[in-house]
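Here's the letter readout for the chains.
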2 protein chains.
Amino acid sequence: MLRPRSGAIAVEERLARSAAATEGADIKTSEMLDWLTERRKVCTAQIRQVPFTELHGWSFSPDTGNLSHRSGRFFSVEGLHVVRPSIEWQQPIIVQQDIAILGILAKEFDGVLHFLLQAKMEPGNPNLVQLSPTVQATHSNYTKVHGGTGVKYLEYFLDRDRDQVLTDVLQSEHGAWFYHKRNRNMIVEVHGDVPQDEDFRWFTLGQLGELLRHDNVVNMDARTVLASAPMTHPERTALSSDNDLLSWFTDQRAGQDIQARCIPLNQTQGWRRGTHSVHRPDDKFFRVVGVSIEAASNREVPSWTQPLLEPVAPGIVGFAYRTFDGVPHVLVHARVEGGFLDTAELGPTVQYVPANYMHLPAEQRPPFLGLMLNAAPERIRYEAVHSEEGGRFLYAESRYMIVETDESTTPTEAPAGYHWVTPGQLSWLAGHSRYVNVQARTLLAALNYAGI
Amino acid sequence: MLRPRSGAIAVEERLARSAAATEGADIKTSEMLDWLTERRKVCTAQIRQVPFTELHGWSFSPDTGNLSHRSGRFFSVEGLHVVRPSIEWQQPIIVQQDIAILGILAKEFDGVLHFLLQAKMEPGNPNLVQLSPTVQATHSNYTKVHGGTGVKYLEYFLDRDRDQVLTDVLQSEHGAWFYHKRNRNMIVEVHGDVPQDEDFRWFTLGQLGELLRHDNVVNMDARTVLASAPMTHPERTALSSDNDLLSWFTDQRAGQDIQARCIPLNQTQGWRRGTHSVHRPDDKFFRVVGVSIEAASNREVPSWTQPLLEPVAPGIVGFAYRTFDGVPHVLVHARVEGGFLDTAELGPTVQYVPANYMHLPAEQRPPFLGLMLNAAPERIRYEAVHSEEGGRFLYAESRYMIVETDESTTPTEAPAGYHWVTPGQLSWLAGHSRYVNVQARTLLAALNYAGI
């Protein structure tokens, strides 16, 4: 009746074996990109920006100015008022109560775990089609608010047996753009035959690690689910014990003074609503725009319209990386974001939009930003452009980097608000909610699978 | 430079040794209660209920009716509006942004960890003086908003070295009475001499376990800090693996549909403000009242007034307890409380105020309540009356119980919303924020130290 607390199956070992497998049983590694290119060719969707008046079912409330769907589902765009001791601001924010399932099916082929990913079109993807989890289903999706067909493979996640669940954790998303958003990150293993649709392929973690080295191939949802898996790391030592790390994090969280509350969008100071966008007169940060999607053959519904949040410039997201006595560490930053449910989470060393700072003298720019922008090529252990969730963000690209640094730029004694952690410690914390932010989880996926 | 991730010192083993120590180096076990009785005698505080007009510095806002202090600190009493699919209600709620430090100093005597507790007066304690953590300091305390003297021993928690921290985690408090409240639960070890004040004594965990068997001796703050320590449990097996348990919890949290937001107290339907209390006309649930405290010699300030929340009837809080193949388990309940930061936490099997249900036929009463109320004496493994935080709640007593049950009343296959977990699993989760609610943490302290 009883089972081992550590799991009936040694999940960590099986994940490590899959991460080491650079070839797979389904698609050849050398053909992965060609297959994706082909899926992009057959995707006939046309995306164009439209004025808000052309959004079907979406409107601004006469009272609050909030932008929402007449069904009351999907999401809304409201205002957020953030007050911190030294700064105060207002901004639009996406409010989405729904907890989506981001689920990846896993299955053993020839003794190696493979993961079923989908070539999926999202309107905000720079190249339309990227690899997404097997299932990416908001509650609206699976209760069929938009009258589409059912979500493929969803039943494996709704009617799973507990022995099949390898990962199941609520994870936060972008605190600068979402209010209190979290999604359910799941990996579920299947043992029997699984019918395979033409948009779906099984990959080993090693193959996915290879794909993570390419720009705009693995979408955000797939990256965060992969990062949430309990990956083994060999290190048993670190600059901080796990307990020290938790105490430092508690101290960071307890020390934050932040008040953030939703306000009506039409009372959001510094922002204006035009016919085609909600934006700032100085055009900083982002815009809220409307898009029309036509004839998307591989979506549940062929055509629709929706709002998207469009950042005005690309970001830089990076970890400083050092080894101490041979043990790799990355420098995390306790980041406060207005939309976080609980004040601060562990973010990358650098997570900024450089365009916001380049007019400033170097010493007034954010810490470590120059370290990423000016990194010598031989010190760049990882570099790829990834975009954020294409169902909510339009062309939200960031350059993700892992850069080797040294004592002169990133001292062993980290500055206030920063802490050195090992990839194993980061993986451990990513197994629980709201420790590791979504950008750091993308970098964690790279650390775990891309052979950094 | 590196240290073991699992900690430089085997904290778990040292805690277990202290838990096994039924005698201590400071106060004799047989004299603990006498000492507390004596501390109660020298406490000269007089508590009396006063009309709101006699509260100094506290007033109801003309706009919102919220009750708050003119300094803007301490806490306020506002309204809460909770909407769930089948039920909707409004109630007063305590809002306190401040994160307090609840800190216990630890020190080895004769190779055994001892913990420094304070005989402390709180106005809402039924017997005025209970054992509290070494330090119980809100941010208001240590920035001295109320003009009192400094908090004794606080410097050990503010200026600690990281090797000294045994426990440091933010824990939620009563979601039915507090809005998004959490406190910082800390245990910090000291190595040098510590000056010992007459209200303070060092106890082993075994001695504290003995005291937990007595009514109203160990206060809530001490109970939650003790429960947050990383106690070892021998079991390596359980009905669910740790991963299954996390997945079940994620499912419970993801499945909740709850909207809770603060509203003005004067718009809180069903509640009335009188001269002496904010209450319901049917006098259900609780009242908000004012108290005056005079000549309390062992507090930072000798006299003060403040509001307190006074429940109208005592509660029953209990775990159903079974062993499966020799391994102890308790039945946790995924409880939704309106003031939780994140929808649901793991609570006891039973956490109710029986007076609210006794007019109903048995089959309409909450599940498992009868199991606690009618437990045969020989099946009661633990039973004690404890009160909740006496600085916020007036005489908020509950009978805490751990009751042995069987398949006929509490089946192996737990009903929806309930789950069997081992004490080790509960301790593991209590090492992170917001998994285990404050009532379950009191029972966990009993499981860990009271020789259940």
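Residues numbered from 1 in each chain as written. Chains lettered and ligands numbered in written order. Predicted model: local features only at pLDDT ≥ 70, side-chain atom pairs only at ≥ 80, totals over all residues. Heavy atoms only, no water.

1. Here we look at the interface of chain B and chain A
Taken together, the 50 residues of chain B in the interface contact 51 residues of chain A. Across the interface of chain B and chain A, roughly 4,400 Å² is buried in total on both sides, 46% from carbon and sulfur atoms. Where chain B packs against chain A, one counts 12 salt bridges. A salt bridge links B:Arg160 to A:Asp251; the nearest nitrogen and oxygen atoms lie 3.6 Å apart. Our count for the chain B to chain A interface comes out at 25 residue pairs in polar contact (both at pLDDT 80 or more). Elements that contribute at least two residues to the side of chain B that touches chain A include exactly strand S1 (3-4), strand S11 (165-172), strand S13 (182-189), strand S15 (237-238), helix H7 (242-254), strand S22 (327-336) and helix H9 (423-430) of chain B. With nine residues, H7(B) is the single largest residue contributor to the side of chain B that touches chain A. Looking at the side of chain B that touches chain A residue by residue, the class counts come to 17 nonpolar, 17 polar and 16 charged. (Contact = heavy atoms within 4.5 Å. Buried area = accessible area lost by both parts, 1.4 Å probe. Salt bridge = Lys/Arg side-chain N within 4 Å of Asp/Glu carboxyl O. Polar contact = N/O pair within 3.5 Å; in protein donor to acceptor, adjacent residues only side chain to side chain. Helix = DSSP H or I, 4+ residues; strand = E, 2+ residues; numbered from the N terminus. Nonpolar A, V, L, I, M, F, W, Y, C, P; charged D, E, K, R; others polar.)

2. A look at the packing of aromatic side chains
Under the defined criterion, the tally for this structure stands at 28 aromatic pairs over all chains. With 5.3 Å between their ring centres and 70° between their planes, B:Phe324 and B:Trp420 make a pair best called edge-to-face. Taken together, the residues B:Phe324 in strand S21 (residues 315-324) and B:Trp420 in strand S27 (residues 418-421) connect sequence positions 96 residues apart. Members of the aromatic cluster, connected to one another through ring pairs, are A:Trp58, A:Phe74 and A:Phe75. The ring of B:Phe109 is capped by B:Lys107, whose NZ or CZ atom sits 5.4 Å from the centre of that ring. (Phe/Tyr/Trp six-rings, centres within 6.5 Å; stacked < 30°, edge-to-face > 60°. Lys NZ or Arg CZ within 6 Å of the ring centre and 35° of its normal.)

3. Regarding the relation of the copies chain B and chain A
Laying chain B over chain A is done by rotating through 180° and shifting 0.0 Å along the axis; what remains is an RMSD of 0.0 Å. These values place the two chain copies in the arrangement generated by a two-fold rotation axis. Across chain B, the rotation axis passes nearest the C-alpha of B:Leu341, at a separation of 3.8 Å. A share of 100% of the interface residues of chain B reappears at the interface of chain A, consistent with the copies meeting face to face through the same patch. (Least-squares fit on C-alpha atoms with pLDDT ≥ 70 in both.)

4. Concerning the pattern of salt bridges
Summed over the entire model, instances satisfying the criterion amount to 54 salt bridges over all chains. Here A:Lys120 makes a salt bridge to A:Glu122, at a shortest N to O gap of 3.9 Å. Accessibility classification places A:Lys120 together with A:Glu122 in one group, the buried group. Between B:Arg399 and B:Glu383 there is a salt bridge, and its shortest N-O distance comes to 3.1 Å. You can see B:Arg399 sitting in strand S26 (residues 397-404) and its partner B:Glu383 sitting in strand S25 (residues 380-387), a full 16 residues away along the chain. (Buried < 20%, exposed > 50% of the residue type's maximum accessible area, 1.4 Å probe, protein only.)

5. Quick look at the environment of B:Leu394
Residue and element names in this part refer to chain B. Among the structural elements, Leu394 can be located in the loop between S25 and S26. The spatial distance from the C-alpha of Leu394 to the C-alpha of Ala355 is 18 Å, given a sequence separation of 39 residues. When residues no more than four places from it in sequence are discounted, the contact partners of Leu394 are Gln49, Pro123, Gly124, Val289, Val291, Leu308, Leu309, Glu310 and Pro311.

6. Some thoughts on helix H10 (residues 438-449) of chain B
The α-helix winds at 3.6 residues per turn, so residues separated by three or four positions along the chain end up facing the same way. Residues and elements named next belong to chain B. Taking 1.5 Å per residue, 12 residues should reach 16 Å; H10 reaches 17 Å between its end C-alpha atoms and fits that length. Most of H10 sits inside the fold, with 12 of its 12 residues counted as buried. Among the residues of H10, those classed as buried are Val438, Gln439, Ala440, Arg441, Thr442, Leu443, Leu444, Ala445, Ala446, Leu447, Asn448 and Tyr449. A positive phi of about 65° marks Gly451, the residue just after H10. (Expected span 1.5 Å × (residues − 1).)

7. Looking at helix H1 (residues 11-20) of chain A
Residues and elements named next belong to chain A. For H1, the complete set of buried residues consists of Val11, Arg14, Leu15, Ser18 and Ala19. Projection of H1 onto a plane perpendicular to its axis shows the buried side chains occupying an angular sector of 140°, all on one side. Exposed residues on H1 whose side chains face more than 90 degrees from its buried face are Glu13 and Ala20. Tucked into the core, H1 has its buried residues touching strand S7 (101-109), strand S8 (112-121), strand S11 (165-172), strand S13 (182-189), helix H5 (205-211) and helix H10 (438-449). (Arc of directions from axis to C-beta.)

8. A word on the pairing of S22(B)
In regular strands, side chains alternate between the two faces of the sheet. Residue and element names in this part refer to chain B. With nine of 10 residues buried, S22 is to be regarded as a mostly interior element. Summarising the sheet, S21 and S22 pair through four bridges and their orientation is antiparallel. Residue pairing across strands places Tyr321 opposite Val330, the latter belonging to S22. Here S21 folds back onto S22, and the loop between the two strands holds two residues, one of which, Asp325, carries a positive phi near 45°. Sheet topology note: the S22/S27 ladder contains four bridges and is antiparallel. Bridge pairing in S27 links Val332 to His419. Here four bridges tie S22 to strand S23 (residues 344-347), and the two strands are oriented antiparallel to one another. Of the residues in S23, the one forming a bridge with Val336 is Ala344. (Pairing = 2+ DSSP bridges.)

9. Comments concerning unusual backbone geometry
Of note, the phi angle at A:Asp283 is positive, near 60°, even though the residue is not glycine. Position of A:Asp283 among the secondary structure elements: in the loop between strand S18 (277-279) and strand S19 (286-294). Here B:Phe368, not a glycine, exhibits a phi torsion of approximately 70°, which is positive. Relative to the helices and strands, B:Phe368 resides in the loop between strand S24 (350-352) and helix H8 (369-373).

10. Notes on the packing of helix H9 (residues 423-430) of chain A against H10(A)
All names here are of chain A. In the contact formed by H9 and H10, the axes pass within 10 Å of each other and the chain directions differ by 125°. Judged by the angle between their axes, H9 and H10 are oblique. The element H9 and its partner H10 pack so that their crossing is left-handed. Only Leu444, Leu447 and Asn448 of H10 make contact with H9, whose side of the interface consists of Pro423, Leu426, Ser427 and Ala430. Grouping the constituent residues of the contact of H9 with H10 by class yields five nonpolar, two polar and no charged. (Axes fitted to C-alpha atoms, helices over the stretch in contact; angles between N-to-C directions. Parallel < 35°, antiparallel > 145°, perpendicular 65-115°, else oblique. Left-handed = near helix turned anticlockwise from the far one by under 90°.)

11. So, the packing of helix H6 (residues 220-227) of chain A against H10(A)
All names here are of chain A. At a minimum axis distance of 8 Å, the contact between H6 and H10 shows a crossing angle of 65°. With respect to H10, the element H6 is oriented roughly perpendicular. As H6 packs across H10, the resulting crossing turns out to be left-handed. Facing Met220, Arg223, Thr224, Leu226 and Ala227 of H6, the residues of H10 in contact are Val438, Arg441, Thr442, Leu444, Ala445 and Tyr449. For the contact of H6 with H10, the class distribution of residues is seven nonpolar, two polar and two charged.

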